[in-house]
Structure formats: C-alpha cells, structure tokens
Amino acid sequence: MPTSKNTSPIRIAGAYTALVTPFRDGQLDESRLKHNVAEQLAAGMTGVVPVGTTGESPTLSHAEHERVIEVTIDAVRNSPRPDAQVIAGTGSNATTEALSLTLAAKKAGADAALMVNPYYNKPSQEGLYRHFMTVADAVDLPIVLYNIPGRTNVTMSADTVARLGKHPNVIAVKEATGSLDLASEILQQAGDNITVISGDDSLTLPLMSIGGTGVISVLGNLTPARVVAMVAAASAGDYDQARSTHHAIFPLCKAMLTLAVNPVVVKTALKLLDRDTGELRLPLCEMPADDAAALQSLLRRTDFVGENS
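Just so it is clear, the structure is predicted and the values come from calculations on it, not from any experiment.

**Q** Could you clarify how one ought to interpret the overall build of the protein chain in this entry?
**A** When its secondary structure is counted, the protein chain shows twelve helices and ten strands. The C-alpha atoms of the protein chain give 18 Å as radius of gyration, which agrees with the globular expectation for 309 residues (19 Å, within 12%). Principal axes of the C-alpha set define a box for the protein chain whose edges measure 50 × 45 × 40 Å. Across the 309 residues of the protein chain, 55% fall into the buried class. Here the contacts in the protein chain between residues at least 6 apart in sequence split such that 73% fall between residues at least 24 apart. Entry remark: accessible area of the protein chain is about 12,800 Å², with carbon and sulfur atoms responsible for 50%. Side chains of the protein chain give 25 positive and 32 negative charges; the mean places of these two sets differ by 1 Å.

Spelled out as structure tokens, the structure:
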C-alpha cells in the first residue's frame, strides 16, 4: 500500500539538473555520464533527473533507458553525497510502458519518478487522471507529474492535478506550461498536497515568488553553481541576490529554448566548452553553423567559457 503524504520519503525542493544523456560514437557514454553526475553533486545540486526531455528519452531503447537510470543512481550512491535525490524519467504515452519504466526505476533505487503527460494521443483530463493513478496505485514510489504542453500537446488542468494530489504517492508537479496563472491555480487548489517546481529556467524565480520550491534545470548542465545559488537565495528570501543571478543567466536560459529545440542547444554548448561530444540522436541533429556561432558568442559574453560549475 502507498505511504501516507505525511511520511513521504522525500520533498521536492531545491535545484535539480535535468541531465543530458552523453553519447560517443552512437553509444551511451557511461564514463561521461558518471563524470557529469559528479560535477552536479560537487556544485551542490539537490539531485539529478536522468532520462527526461533533456536526456533524449524518446531516442533511447528500453534497455538504454533503464541503464541510464542505473548508472546515474550508482554514481550518486557511490559519491560523497549518496543521499542526493535521483528523480528518474519514466513517462510514456502508453500507460503500460509508463508502468514498466516506473517499476524498473523503483527496482534500481530511484527516489522518485518524473512522469510526463502522455504525448501524441491527446488524452482527456479523465484519461490523464486514470493514467497517473494506474501507476501511482501499482508502484510505491513518489511521483512528480510533468506538465509540458509544448511537448505533449495536452495541458493537465489544475483540477486534475488537485485530484491526483490526493494520492499519497503523487507529491509534486514540474510546471513547464509557461503560465504563472496555472501555477497559481495549482498552488491554490492543491498546495497542501502538491509541491510545484519549475521546469523552465527563465521562470524559476517568478515561480518561486508565488510558492514554487525550485527548478529542474536544463541550464544546470552548464552552470550548476549559478542555478544552485539563485534557488538558495530565493529560498532564503534574498530576492535581491536571486534577481542578480537571474538576470546574469537569463540570456542563456532564453537561448536554451529559442536557438533550437532542447537539448540541441545545451549539448552544443557543452561541446563548445569541451565538456561533451555534443552527439545527438536522430531525429535531432546539430545546429546550423551560424546559430552555433551565435551561441559561442553568447557563452563568451556571459562568462561561461571555461566554466564547469
């Protein structure tokens, strides 16, 4: 049986990095993945999130998907910070597949599952509710809902989030709708049962100002220390410092999602900084040369060149 809300093993709050999945010669680069995890933990990240959107989960086989989670968990548990959280991406547009991935994540030792709204098939609100409830009932693992209509073509309503929040295993929602109004509605209707965390780097500070608890960050792959510092300042009520960091990183936050689709930009940036191969899997491919040059110029202007924290 699920545990009660009051005894949930974790709280989703702080700064988390949505990890890229590193490839070399078309294969998973486990050594680079372990290095990336160590870098994130050394910078103070609360936790890491493998195989989400940024991790190119749609291009991974089931075996690769599960292996990325296993390697990430092993890297965390054998690090100087073994209690850092691992929130494993386990979403799918098929409920049976989402259930299978979530069971595998629990078996591997994940602290929670990140479950995106089913994509492509455009379920109703009732269909969304039944999808997540099926997994929540079957797997005793905390679930973070993931509301990102730009990827899924469906938006989970505040009413549906509130209904799901009554389940003891549904503990948070990653808000990537771009709507502070919707986030406010969720907090008003479900704030006693659901934690709201940002899924957009550029909206982390605004969302925290209305009650959000942090971010699952793409930009953390490049500059985890800055993301950690901004979230820590906002959590402490030091909005002057948080605003200063927000404005410093905002140009790159915006570039991550406007120069090309995620994770093309962040992987290109890592390559430009000699911190990754930059390999992508089709149908994603490299940025046009002019856009890559613009990104390199932006990295220079924002003092990212040579930065690894």
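Once you've had a look at it, read on.
**Q** Explain helix H11 (residues 264-272) to me, please; I cannot follow it from the model alone.
**A** Every α-helix carries 3.6 residues per turn, so stepping three or four residues along brings you back to the same face. Among the nine residues in H11, seven count as buried, and that is most of the element. Listing the buried residues of H11 in full gives Val264, Val265, Val266, Lys267, Thr268, Ala269 and Leu270. Those residues of H11 that are buried lie in contact with strand S2 (23-24), helix H10 (239-258) and helix H12 (289-301). One or two residues past the end of H11 sits Asp274, with phi positive at roughly 60°.

**Q** So what exactly am I meant to see when it comes to the packing of aromatic side chains here?
**A** Centre distance and the angle of the planes are the two values used to describe a pair of aromatic rings. For the structure shown, the criterion picks out zero aromatic pairs. Between the NZ or CZ atom of Arg163 and the centre of the ring of Tyr129, over which it lies, the distance is 3.6 Å.

**Q** What is the right way to look at the pairing of strand S10 (residues 214-217) in this model?
**A** Strand residues, when the strand is regular, have side chains that alternate between the two faces of the sheet. Here S10 shows no split at all, with Gly214 and Ile216 on one side and Val215 and Ser217 on the other all buried. Sheet topology places strand S1 (residues 14-18) next to S10; four bridges connect them, and they run parallel. Of the residues in S10, the one forming a bridge with Ala15 is Val215.

Definitions and cut-offs
Residues numbered from 1 in each chain as written. Predicted model: local features only at pLDDT ≥ 70, side-chain atom pairs only at ≥ 80, totals over all residues. Heavy atoms only, no water. Helix = DSSP H or I, 4+ residues; strand = E, 2+ residues; numbered from the N terminus. Rg over C-alpha atoms; globule rule 2.2 N^0.38 Å. Buried < 20%, exposed > 50% of the residue type's maximum accessible area, 1.4 Å probe, protein only. Contact = heavy atoms within 4.5 Å. Areas by Shrake-Rupley, 256 points an atom, 1.4 Å probe, with all protein chains shown as cover. Lys, Arg positive; Asp, Glu negative; His and termini not counted. Charge placed at Lys NZ, Arg CZ, Asp CG, Glu CD. Phe/Tyr/Trp six-rings, centres within 6.5 Å; stacked < 30°, edge-to-face > 60°. Lys NZ or Arg CZ within 6 Å of the ring centre and 35° of its normal. Pairing = 2+ DSSP bridges.

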